[in-house]
Each structure stands twice: as structure tokens, then as C-alpha cells.
Amino acid sequence: MESKTDVHVESARIQKQIESHLGISGSSLLFEYRQIDNKTRLDLITVNPRHNQSFLFHTESGYDKVDVLRKMLEYVQNYHDKESSYTVQWMAPGDKELNTSYFRARSMYEALDKLYFGRDMNTITVFSVVMNPVS
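For clarity, every value in this text was computed on a predicted model and none was experimentally measured. (Residues numbered from 1 in each chain as written. Predicted model: local features only at pLDDT ≥ 70, side-chain atom pairs only at ≥ 80, totals over all residues. Heavy atoms only, no water.)

Brief notes about the sheet that holds strand β3 (residues 53–62)
Logical step 1: Spatial strand order, β1-β2-β3: three strands in an open sheet with antiparallel pairing. At either margin of the open sheet sits one strand with a lone partner, and together these are β1 (29–36) and β3. Geometrically, the sheet is characterised by an average inter-axis angle of 20 degrees between neighbouring strands, direction not taken into account.
Logical step 2: Where helix α1 (residues 7–22) meets the sheet, it contacts β1, β2 (39–48) and β3, and its direction lies at approximately 135 degrees from that of β1. (Pairing = 2+ DSSP bridges. Helix = DSSP H or I, 4+ residues; strand = E, 2+ residues; numbered from the N terminus. Axes fitted to C-alpha atoms, helices over the stretch in contact; angles between N-to-C directions. Contact = heavy atoms within 4.5 Å.)

In C-alpha cells, the structure reads:
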């Protein structure tokens, strides 16, 4: 008799693989799930403990939680080959110095979307966006 894989166990296993591959775990990597038009959407969010800000790492959609996690795992295993690296210098109100964050994205606009994800655009002032050279 074939036993069906427990969805929660499989989800936890894939999340651990994603955390391990990125080298980020605990409260510094957030998995946010939403149902949109009969699909599951996963927003993978990173939290930088130095300046205590969160940014979008990547979004995937699928037919259920396990499907979307598998797609996210595939993304994290291959994103260095498919997207460019950007450096963004920015300041939030009350900051005394520039903050620097790094994003992988298909364009400068997508990098800025990841920076502004989930916040009002007036809460962060961007001073520069630079595409990093390929090494």
C-alpha cells in the first residue's frame, strides 16, 4: 500500500532546502502564502538584521503550497544564472547614513519593486541603483 506524502512534512522539507541553499534561516527568511484566483502565491521575503528592513526576494505562483515551494526551490538554485545583480543605496527617515542592499532581478525596475515591496514608496529614498559587473 502506497502512503501519500504529508503536505506539511513535504512543505517543511522544501522550505529547509530553500533556507539551506540561501544560507538564511529563522526570522531572516519569511514565506508568505496567499490564495489568488484559485492559485497559491508565495512571496519569499528576506529581513536584514543590520538595518531591520524586509525586502522581496522572489514571488512564485502554483496550484498548491508544495507546487509553489518546488518552483521557489528551482528558482533559488538557478537565479544567479538568469538575473543580473544590482546594488541599491537608500535611506529611510531617521537614518544617519546610506544603506546598501543587493538584489537579483531582470531589470533595474524589478530591483526597485523588490526594495519597495509591501511599503509606501515615500518611506525610502533611493540615491542610486547600479547594475553590478558580471564576474
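Digging into the packing of aromatic side chains
Logical step 1: Scanning the model with the defined rule gives five aromatic pairs in all.
Logical step 2: Taking the centre distance of 6.1 Å and the plane angle of 80 degrees together, the rings of Phe57 and Tyr75 count as edge-to-face. Here Phe57 is found in strand β3, whereas its partner Tyr75 is found in helix α2 (residues 65–82), with 18 residues between them in sequence.
Logical step 3: Summarising the aromatic geometry, the rings of Phe57 and Tyr79 are spaced 5.2 Å apart at their centres and angled 80 degrees between planes, so their arrangement reads as edge-to-face. Of this pair, Phe57 sits in strand β3 while Tyr79 is found in helix α2, placing the two residues 22 residues apart along the sequence.
Logical step 4: Residue classification places Phe57 among the buried positions, given a relative accessible area of 14%. (Phe/Tyr/Trp six-rings, centres within 6.5 Å; stacked < 30°, edge-to-face > 60°. Buried < 20%, exposed > 50% of the residue type's maximum accessible area, 1.4 Å probe, protein only.)

Remarks on the packing of α1 against α2
Logical step 1: Remark: α1 packs on α2, axes separated minimally by 10 Å, with the N-to-C direction vectors making an angle of 15 degrees. Our classification of the angle between α1 and α2 gives roughly parallel. Helix-helix and strand crossings are classified by hand; for α1 and α2 the assignment is left-handed. Here Val7, Glu10, Ser11, Ile14, Gln15, Gln17, Ile18, His21 and Leu22 of α1 lie close against α2, whose contacting residues are Lys65, Val66, Leu69, Arg70, Met72, Leu73, Val76, Gln77 and Tyr79.
Logical step 2: Tallied by class, the residues present in the contact of α1 with α2 amount to ten nonpolar, five polar and three charged. (Parallel < 35°, antiparallel > 145°, perpendicular 65-115°, else oblique. Left-handed = near helix turned anticlockwise from the far one by under 90°. Nonpolar A, V, L, I, M, F, W, Y, C, P; charged D, E, K, R; others polar.)

Examining the pairing of strand β5 (residues 99–105)
Both faces of the sheet carry side chains from a regular strand, because those side chains alternate between them.
Logical step 1: Of the two faces of β5, the one holding Asn99, Ser101, Phe103 and Ala105 is buried and the one holding Thr100, Tyr102 and Arg104 is not buried anywhere.
Logical step 2: In this structure, strand β4 (residues 84–91) lies alongside β5, joined through seven bridges in antiparallel fashion. Each bridged residue has a counterpart across the sheet, and for Tyr86 the counterpart in β5 is Phe103.

Remarks on the nonpolar core
Logical step 1: Core analysis: the largest hydrophobic core is formed by 16 residues, its most contacted members being Ile18, Leu22, Phe31, Leu44, Phe57 and Val76.
Logical step 2: The biggest single contributor to this core is α2, with eight residues.
Logical step 3: Beyond its immediate stretch of four places on either side in the chain, Val76 contacts Ile18, His21, Leu22, Leu44 and Phe57.
Logical step 4: Counting residues in each nonpolar core, the second largest holds twelve residues, with Ala92, Ala111, Leu112 and Leu115 among its members. (Core = buried A, V, L, I, M, F, W, Y, C linked by side-chain atoms within 4.5 Å.)

Comments concerning the pattern of salt bridges
Logical step 1: Here the structure, examined in full by the defined rule, presents seven salt bridges.
Logical step 2: Of the charged contacts, one joins Glu10 and Arg13 as a salt bridge, the two residues approaching to 2.7 Å between their closest N and O atoms. Separated by three residues within a single helix, Glu10 and Arg13 lie in helix α1, roughly one turn from each other.
Logical step 3: Relative accessible area serves as the criterion here: at 41%, Arg13 is assigned to the partly exposed category.
Logical step 4: The residue Glu10 makes a salt bridge to Arg70 at a minimum N-O spacing of 3.3 Å. (Salt bridge = Lys/Arg side-chain N within 4 Å of Asp/Glu carboxyl O.)

Such coordinate-based values are descriptive only and should not be taken to indicate function.
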